[in-house]
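Per-entry structural report
These are the residues of each chain, in order.
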There are 2 protein chains.
Amino acid sequence: MTISEIDRRIIGLLERDARMSFAELAETVGLSKTPCWNRVKALEAEGLIRGYRAAVDPAGMGFGIEALVQVSIRPEMFEPFEREVRAHPLVRRAHATTGEADYLLHIMAADMAALDRLLRMEISQLPGVTRTVTAMITRDIKSENSLSEAHRHAGL
Amino acid sequence: MTISEIDRRIIGLLERDARMSFAELAETVGLSKTPCWNRVKALEAEGLIRGYRAAVDPAGMGFGIEALVQVSIRPEMFEPFEREVRAHPLVRRAHATTGEADYLLHIMAADMAALDRLLRMEISQLPGVTRTVTAMITRDIKSENSLSEAHRHAGL
DNA sequence: CCTGAAATTATCTTAAC
DNA sequence: GTTAAGATAATTTCAGG
């Protein structure tokens, strides 16, 4: 399933603005509306485009503080641990990783008091947790890259 | 700028599906179309809703490998370092952090050979870099939470 | 704040080249 | 791959409570 240059451009445009009309999209990539529409539907059906989401501002929603937590757990507890991580609203993202810890959690809180409570009362009490190491996020350098540009850059 | 329950529900629905029609949105939150439309436009104008983006599948785009890189730099080089991080297509996200390192970079590559090249030839050659520590992402546990649900949970 | 309706655009389908 | 036309459904504006 190789990705054509036109598909890549369509993806890049929709990554920036998911509400661009088919007319504008088609004109920008140099296609007429019908084939452009067909390609977008195909990209959705293949699962390359998973959906369309509003990008919301965490600070604007009152979450002034974000942190990264490395978590080590007892290996046999991975299943309930992961379930609760997925269910916890203040865990923004979570990855299983190699290295010193087993997971990296990106968490949010309204302020330092709330972060302290979240770490001591909730994160460190999750199933199987043996150790946490927390780093504060002091600034966001880059929020999300374009997979379309990454794809072009990587020569795929 | 306090957020009403209705605004919060609108945000939650648009986080899941940015292409929901105003008619459906309005019906779901129990409003008629015009006030619902006005609220969405106000949320966009305030910057609470930053935009609408297609969610693209990294693996589908050929990026089978992701990694987290802790980066330490010489402090006086922070500006060119951050500029190049922002410009690099294979850096998916970047945060400035407290702790042992100065930054955490989330990077992508097509395969191990490409990751090796990216780390040795590009990331570690960025301006001012003195040290990198890389952890592979072995699995995604959670991709992005709902800020609407987080807001409700936090009692804001 | 809300309702409802009208004007304008966009989506999606269909047909034909 | 293209154009074009038309039905449906959406967005956006506006008059009025």
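Our subject in this report is the structure included herewith. Only a predicted model underlies this, so the values are computations on that prediction, with no experimental measurement involved.

As a further point, take the protein's contact with DNA strand C. Surveying the vicinity of DNA strand C reveals the residues S21, F22, K33, W37 and K41 of chain A together with L31, S32, T34 and P35 of chain B. Within the contact set of DNA strand C, a phosphate oxygen lies 3.0 Å away from a backbone nitrogen or oxygen of F22 of chain A. A distance of 2.7 Å separates a base oxygen of DNA strand C from a polar side-chain atom of T34 of chain B. Residue assignment for the surface near DNA strand C shows that the elements contributing at least two residues are α3 (33-46) of chain A together with α3 (33-46) of chain B. Tallying contributions element by element places α3 of chain A first for the surface near DNA strand C, with three residues. Grouping the constituent residues of the surface near DNA strand C by class yields four nonpolar, three polar and two charged.

The antiparallel closed barrel is built from eight strands, whose spatial order is β2(A)-β4(A)-β3(A)-β5(B)-β2(B)-β4(B)-β3(B)-β5(A). In this sheet, adjacent strand axes meet at a mean angle of 40 degrees when their direction is disregarded. Sitting on the sheet, helix α4 (residues 78-87) of chain A touches β2 (65-73), β3 (91-97), β4 (103-109) and β5 (129-142) of chain A together with β5 (129-142) of chain B, and the angle it makes with β5 of chain B is about 95 degrees.

Turning our attention to the pairing of strand β4 (residues 103-109) of chain B. Residue and element names in this part refer to chain B. With seven of its seven residues buried, β4 lies for the most part within the structure. Side chains Y103, L105, I107 and A109 of β4 all project onto a buried face; the interleaved residues L104, H106 and M108 project onto the opposite face, where all are buried too. Pairing analysis gives seven bridges linking strand β2 (residues 65-73) to β4, with the strands arranged antiparallel. Within the sheet, the bridge partner assigned to L68 lies in β4 and is H106. When strand β3 (residues 91-97) meets β4, the two strands line up antiparallel, connected through five bridges. The residue bridging H95 from the neighbouring strand is L104, located in β4. Counting the residues in the hairpin turn of β3 and β4 gives five residues, including G99, whose phi is positive at 105 degrees.

We now examine the protein's contact with DNA strand D. If you check the shell around DNA strand D, you find G30, L31, S32, T34, P35 and R39 of chain A together with S21, F22, K33, T34, W37 and K41 of chain B and nothing else. By atom count, sugar and phosphate contribute 74% of the portion of DNA strand D lying within 4 Å of the protein. Within the backbone of F22 of chain B, a nitrogen or oxygen atom sits 2.8 Å from a phosphate oxygen of DNA strand D. In the environment of DNA strand D, a phosphate oxygen lies 3.2 Å from a nitrogen or oxygen atom belonging to the side chain of W37 of chain B. In terms of residue count, the dominant contributor to the surface near DNA strand D is α3 of chain B (four residues).

Another point: the relation of the copies chain B and chain A. Once chain B is rotated about the relating axis by 180 degrees and shifted along it by 0.0 Å, it coincides with chain A to within an RMSD of 0.1 Å. Taken together, the rotation and translation describe the operation of a two-fold axis. Considering only C-alpha atoms, the part of chain B nearest the rotation axis is R53 of chain B, at 2.7 Å. A shared interface surface links the copies, since 100% of the contact residues of chain B are contact residues in chain A too.

Structurally, H151 of chain B is set in helix α6 (residues 147-154). Those residues in contact with H151 of chain B that lie beyond four places of it in its chain are M61 and F63 of chain A together with I3, R8 and L156 of chain B.

At the junction of the two partners, chain B supplies 68 residues and chain A supplies 68 residues. Summing the contributions of chain B and of chain A, the shared interface buries around 6,400 Å²; its carbon and sulfur component is 57%. Applying the counting rule to chain B against chain A returns eight salt bridges. The closest approach of N and O atoms between R92 of chain A and E144 of chain B, which form a salt bridge, is 3.3 Å. At the junction of chain B and chain A, the tally comes to 49 residue pairs in polar contact (both at pLDDT 80 or more). Of all elements in the fold, only α1 (5-16), β1 (49-56), α4 (78-87), β3, β4, β5 and α6 of chain B reach the threshold of two or more residues within the side of chain B that touches chain A. A per-class count over the side of chain B that touches chain A returns 35 nonpolar, 15 polar and 18 charged. One ladder, built from four bridges, connects β5 of chain A with β3 of chain B; its direction is antiparallel. Considered in β3 of chain B, the bridge of K142 of chain A is made with A94 of chain B.

Let us now look at the nonpolar core. As a rule of thumb, soluble globular proteins bury nonpolar side chains together. Membership of the largest hydrophobic core comes to 94 residues, with the highest contact counts inside it found for L105 and I107 of chain A together with L105 and I107 of chain B. L68 and L104 of chain A together with L68 and L104 of chain B belong to the second largest nonpolar core, which has six residues in total.

A word on the packing of aromatic side chains. Per the stated rule, a full pass over the model turns up two aromatic pairs over all chains. Seen from their ring centres, F81 of chain B and Y103 of chain B are 4.6 Å apart, and the 40 degrees between their planes marks the pair as tilted. Residue F81 of chain B is found in helix α4, and its partner Y103 of chain B is found in strand β4; the two are separated by 22 residues along the sequence. Each of the two residues, F81 of chain B as well as Y103 of chain B, counts as buried. Of note, R19 of chain A hangs over the ring of Y52 of chain B, and the distance from its end group to the ring centre comes to 3.9 Å.

The rules we used
Residues numbered from 1 in each chain as written. Chains lettered and ligands numbered in written order. Predicted model: local features only at pLDDT ≥ 70, side-chain atom pairs only at ≥ 80, totals over all residues. Heavy atoms only, no water. Near = heavy atom within 4 Å. Polar contact = N/O pair within 3.5 Å; in protein donor to acceptor, adjacent residues only side chain to side chain. Helix = DSSP H or I, 4+ residues; strand = E, 2+ residues; numbered from the N terminus. Nonpolar A, V, L, I, M, F, W, Y, C, P; charged D, E, K, R; others polar. Pairing = 2+ DSSP bridges. Axes fitted to C-alpha atoms, helices over the stretch in contact; angles between N-to-C directions. Contact = heavy atoms within 4.5 Å. Buried < 20%, exposed > 50% of the residue type's maximum accessible area, 1.4 Å probe, protein only. Least-squares fit on C-alpha atoms with pLDDT ≥ 70 in both. Buried area = accessible area lost by both parts, 1.4 Å probe. Salt bridge = Lys/Arg side-chain N within 4 Å of Asp/Glu carboxyl O. Core = buried A, V, L, I, M, F, W, Y, C linked by side-chain atoms within 4.5 Å. Phe/Tyr/Trp six-rings, centres within 6.5 Å; stacked < 30°, edge-to-face > 60°. Lys NZ or Arg CZ within 6 Å of the ring centre and 35° of its normal.

Nothing here speaks to function; it is all geometry.
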